[in-house]
Amino acid sequence: MRRVLGLIFGLAPLVLLATSLVFGLNSPVRPMFDGMGFMIAAAIVTVLNFYLSFGRPLMFRLRHGTMDGHRFVSGFPMIGTVLVMLGALFAFGTVGSAAIGVFAILLDTGGSFWFIISTWHDRSFWDS
C-alpha cells in the first residue's frame, strides 16, 4: 500500500505535465509559453540539483583520483517539483511550458520522481 501511495504522489507531477501537454496539443488556443517564470526557476533548481548529485562528485574524483575527503552537498529537495507543479497549474495546456516541465521533473535529482527511483529497493522505507 505504501508503494502504491508513493507512486501516486511521486508520479503526480509527471502525470499533470503529460496531461497538460496532451491538452495543449489538442487545443491550440493557448499561448505556447505561459507560466515560464515558474518553469525557468524550476529548470535552474533542477540543473543545480543534478550538478550537485553527479557533476560535483565526478569533478572531485577527476581532480583527486579518489572520493576520500569529498563532502556530499544537498541541493534543494522538492523545490523544483513544487515550482513545476505551480507552473503546470497556472499554465495548464501550454505546450512549451509543459515540455520544459517534463525535462525539469526527469532531471531533478531532488524531486519526487528521483525520490521513488532512489528509494524503491529500500525495504525498510516502503515495507512495514
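What comes next concerns the included structure. The shown structure was predicted, so the numbers you read here are calculated from the model rather than taken from an experiment. (Residues numbered from 1 in each chain as written. Predicted model: local features only at pLDDT ≥ 70, side-chain atom pairs only at ≥ 80, totals over all residues. Heavy atoms only, no water.)

## Structural notes on helix α3 (residues 79-90)
Alright, step 1. Under the 1.5 Å per step criterion, the end-to-end length of α3 is 17 Å for 12 residues, consistent within 8% with the ideal 16 Å.
Alright, step 2. Those residues of α3 that sit buried are G80, T81, L83, V84, G87 and A88. Buried residues of α3 fall within an arc of 165° about the axis and therefore sit on the same side. Facing away from the buried side of α3 by more than 90 degrees, the exposed set consists of L89 and F90. (Helix = DSSP H or I, 4+ residues; strand = E, 2+ residues; numbered from the N terminus. Expected span 1.5 Å × (residues − 1). Buried < 20%, exposed > 50% of the residue type's maximum accessible area, 1.4 Å probe, protein only. Arc of directions from axis to C-beta.)

## Side note on the packing of aromatic side chains
Alright, step 1. In this structure the tally under the stated criterion is 6 aromatic pairs.
Alright, step 2. Pairing F38 with F90 gives two aromatic rings, centres 5.5 Å apart and planes at 20°, and the pair type is stacked. Linking F38 in helix α2 (residues 36-64) with F90 in helix α3, this pair joins segments that are 52 residues apart in sequence.
Alright, step 3. Assessed through its relative accessible area of 57%, F90 is described here as exposed.
Alright, step 4. In this structure an aromatic cluster arises from ring pairing among F50, F54 and W114.
Alright, step 5. Sitting over the ring of W120, R3 keeps its end group 4.7 Å from the ring centre. (Phe/Tyr/Trp six-rings, centres within 6.5 Å; stacked < 30°, edge-to-face > 60°. Lys NZ or Arg CZ within 6 Å of the ring centre and 35° of its normal.)

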